[in-house]
Amino acid sequence: MLNRRNLFKAAAVGGAAAVVPWGRLGVTAPPASAAAGAAAAAPAPVVPFAHAMPLPQVLSPVSQTALSDVYEVRMREADAEIVQGLVSRVRTYGGTFPGPTIRAVRGREVVVRQYNDLTVNTAVHLHGAHVLSQHDGLPMDTIAPGGTRTYHYPNEQRAASLWYHDHAHHLEAENVYMGLHGLYLLTDTAEQLLPLPRGAFDVPLVIRDARVEIDGTLRYTRPSDCPHMLVNGKERPYFRVAARKYRLRLYNACANRYIRLRFADGAEFTQIGSDGGLLDTPVTRTEVTMLGGERVDIVVDFARWGTGRSVVLENTGALGTERPEVMRFDIGNRVADRSRIPRRLSRSAVLPAATVERDFEIRTFPAMTINGLSYDPNRVDVTTRLGTTETWTVRNAEAPIGPGLPDFHLWHSFHTHLTFFRVLERNGAPAGIADQGWKDTVTLGPGETVKISMTWGPYTGQYLYHCHQLGHSSGGQMGRIDVTP
Ligand SMILES: [Cu+2]
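Residues numbered from 1 in each chain as written. Predicted model: local features only at pLDDT ≥ 70, side-chain atom pairs only at ≥ 80, totals over all residues. Heavy atoms only, no water.

Draft legend 1. A look at the overall build of the protein. Each helix and strand counted, the protein has four helices and 32 strands in total. Taking 2.2 N^0.38 as the reference for a compact globule, 485 residues should give roughly 23 Å; the C-alpha atoms of the protein span a radius of gyration of 21 Å, in line with that estimate. Each principal axis of the C-alpha atoms in the protein carries an extent, and together these give about 60 × 55 × 50 Å. Considering only contacts in the protein between residues 6 or more positions apart, those separated by 24 or more positions represent 78%. Looking at charge distribution, the protein has the averaged site of its 51 positive side-chain charges lying 4 Å from that of its 47 negative ones. (Helix = DSSP H or I, 4+ residues; strand = E, 2+ residues; numbered from the N terminus. Rg over C-alpha atoms; globule rule 2.2 N^0.38 Å. Contact = heavy atoms within 4.5 Å. Lys, Arg positive; Asp, Glu negative; His and termini not counted. Charge placed at Lys NZ, Arg CZ, Asp CG, Glu CD.)

Draft legend 2. Broad picture of the coordination of the copper ion. In the first shell of the copper ion, the protein supplies H412 (ND1), C467 (SG), H472 (ND1) and Q477 (OE1), at 2.1 to 2.2 Å from the metal. Each of the four donor atoms around the copper ion contributes to a set of angles spanning 95 to 129°, which defines the coordination as tetrahedral. Written as a sequence motif, the donor arrangement for the copper ion is H-x54-C-x4-H-x4-Q. Of the two residues, H412 is situated in strand β26 (residues 412-416) and C467 in the loop between β31 (461-466) and α4 (470-475); the sequence distance between them amounts to 55 residues. (Donors = N, O, S within 2.8 Å, 3.2 Å for Na, K, Ca; no water. Tetrahedral: all angles 85-135°; square planar, octahedral: opposite > 155°, others 65-115°.)

Draft legend 3. Structural view of the sheet that holds strand β6 (residues 124-127). Read from one edge of the open sheet, four strands run β4-β9-β8-β6, paired in mixed fashion. Among the strands making up the open sheet, the edge pair consists of β4 (102-105) and β6. The average undirected angle you get between the axes of adjacent strands in this sheet is 25°. Where strand β8 (residues 160-166) lies against strand β9 (residues 181-187), six bridges are found, and the strand directions are antiparallel. In the sheet register, A160 faces β9, and the bridge partner there is L186. (Pairing = 2+ DSSP bridges. Axes fitted to C-alpha atoms, helices over the stretch in contact; angles between N-to-C directions.)

Draft legend 4. A look at the nonpolar core. With 33 residues, the main nonpolar core has L205, L248, L250, L261, F263, F302 and F329 as its most contacted residues. When neighbours within four sequence positions are excluded, F263 is seen to be in contact with F269, V300, W305, V311, V312, L313 and F329. If you look at the next biggest cluster of nonpolar residues, it comprises 27 residues, including Y71, V110, A123 and A168. (Core = buried A, V, L, I, M, F, W, Y, C linked by side-chain atoms within 4.5 Å. Buried < 20%, exposed > 50% of the residue type's maximum accessible area, 1.4 Å probe, protein only.)

Draft legend 5. Local environment of the packing of aromatic side chains. Tallying each qualifying case throughout the model produces 21 aromatic pairs. The structure contains a cluster of three or more aromatic residues connected by ring pairs, namely F201, F239, Y246, F263, F269, F302, W305 and F329. Geometry around Y115 places R74 over its ring, the cationic atom sitting 4.2 Å from the centre. Between the NZ or CZ atom of R304 and the centre of the ring of W305, over which it lies, the distance is 5.5 Å. (Phe/Tyr/Trp six-rings, centres within 6.5 Å; stacked < 30°, edge-to-face > 60°. Lys NZ or Arg CZ within 6 Å of the ring centre and 35° of its normal.)

Draft legend 6. Region of interest: the pattern of salt bridges. The tally for this structure, following the rule as stated, stands at 32 salt bridges. Put simply, R328 and D330 hold a salt bridge, and the shortest N to O gap is 2.7 Å. Owing to a relative accessible area of 24%, R328 belongs among the partly exposed residues under this scheme. When salt bridges that share partners are traced, they join D275, E294, R295, K439 and D440 into one network. (Salt bridge = Lys/Arg side-chain N within 4 Å of Asp/Glu carboxyl O.)

Draft legend 7. Representation of the environment of I401. Looking at the element boundaries, I401 is found in the loop between β25 (389-396) and β26. Note: C-alpha distance between I401 and P446 (45 residues apart in sequence) is 8.3 Å. Not counting residues within four places of it along the chain, the set of residues in contact with I401 comprises P406, D407 and L410.

Dropping the structure here:
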């Protein structure tokens with residue numbers, strides 16, 4: 001847990017401890033379980049590139065009908081080797097860390113029967129999916145230990161890189177951190193017809209931080225005390241690739257941390273998709289900043305570095321005391337590559353003009369609130385009618401602090417359930433390339449404001465919007481929206 005010495009060490013980064021009030025540090029929600037509150041041991045040493053990067057296993061259905069695939073998942077504790085040579089007890093979907101990948105096809109329903117064999121409440125939210133309210137994994141719709149619940153996902157939406165993760169009230173941050181997250185890759189005919197890299201050359205990178213202690217304990221704490229950076233469940237792995245193009249699906253699955261990714265040599269790559277699926281046209285990037293929950297799909301041509309070379313993906317959003325490496329790609333032989341990036345990836349529907357405007361302000365001090373209120377599942381914060389297009393102006397009320405200081409807790413994001421949105425403006429200027437495409441989670445650095453627009457639907461019922469720094473949503477930065485007929 002946090003103690004004054006650790007807080008001081010964190011504050012001393014950059015040498016400005018005296019000007020940072022204690023209250024502004026360590027603001028992620030306190031761990032919810034007694035186990036997580038035990039005294040902390042030192043973190044295990046950081047040894048980059050000790051592990052080969054695994055790919056999350058793909059889940060097989062237990063049964064199929066003409067129109068649906070049925071899966072069963074048992075949430076249970078399991079042991080995982082996150083840092084080489086250490087055994088960590090984690091919370092899992094089905095025994096793997098991270099959970100297994102579900103592959104879905106547009107128009108084919110997925111049914112997941114979840115069994116909770118853990119000792120904590122859970123709720124399974126399919127992030128980015130259009131689902132009925134009773135299948136959304138709302139914070140109070142929990143599965144008690146020993147219980148079960150069946151979720152129905154209609155998959156009547158375009159291809160996108162989704163993920164499922166825990167959303168139980170006050171517990172989501174710790175549950176996700178301890179391992180309750182997995183991928184859900186939804187494809188459709190339009191995507192399949194594109195000549196993008198596919199199969200073994202379409203690779204998810206689930207990136208998240210962790211603190212694994214010298215005895216192997218995976219401890220939930222604030223990100224500035226989490227020196228390990230995992231990709232697909234392993235600390236700073238290496239991955240052998242062929243000298244050709246790959247599609248890499250970047251996920252920030254950190255509970256409480258932004259990451260800023262680039263190749264160590266500054267090489268360009270091509271972004272083809274975001275949270276809500278393919279962009280209309282590809283864009284060239286050299287760096288992407290992602291807060292927890294966001295997805296960025298990119299295509300990288302490893303032939304540019306050549307056989308026998310390596311390139312490191314690094315996080316320039318790391319603290320000065322942390323290793324920037326996230327993973328290393330080791331480039332093998334050149335192989336046949338008929339994939340290419342078409343100039344036109346998709347054709348987005350145009351959002352109608354908004355008829356409703358709303359303002360939201362996200363704050364951590366003195367309490368974790370949106371518009372001054374902490375989440376109350378019995379209070380309706382926003383009521384809208386099905387099909388209404390709205391413009392929401394969202395402001396991060398935190399002031400920036402000096403460079404080099406741990407400022408993860410001052411970042412907020414804004415995530416809407418049920419529907420995707422477009423980012424119209426950031427800080428008063430038209431949205432740039434970082435805010436392209438259909439989004440369900442948008443990053444707000446300290447003091448930033450974004451204007452977003454969405455049409456509420458396709459279902460009526462109770463849904464949520466919240467900060468996706470999960471320590472913040474656990475603490476109350478969450479609101480209820482009811483969509484009425
Ligand atoms: Cu927040």
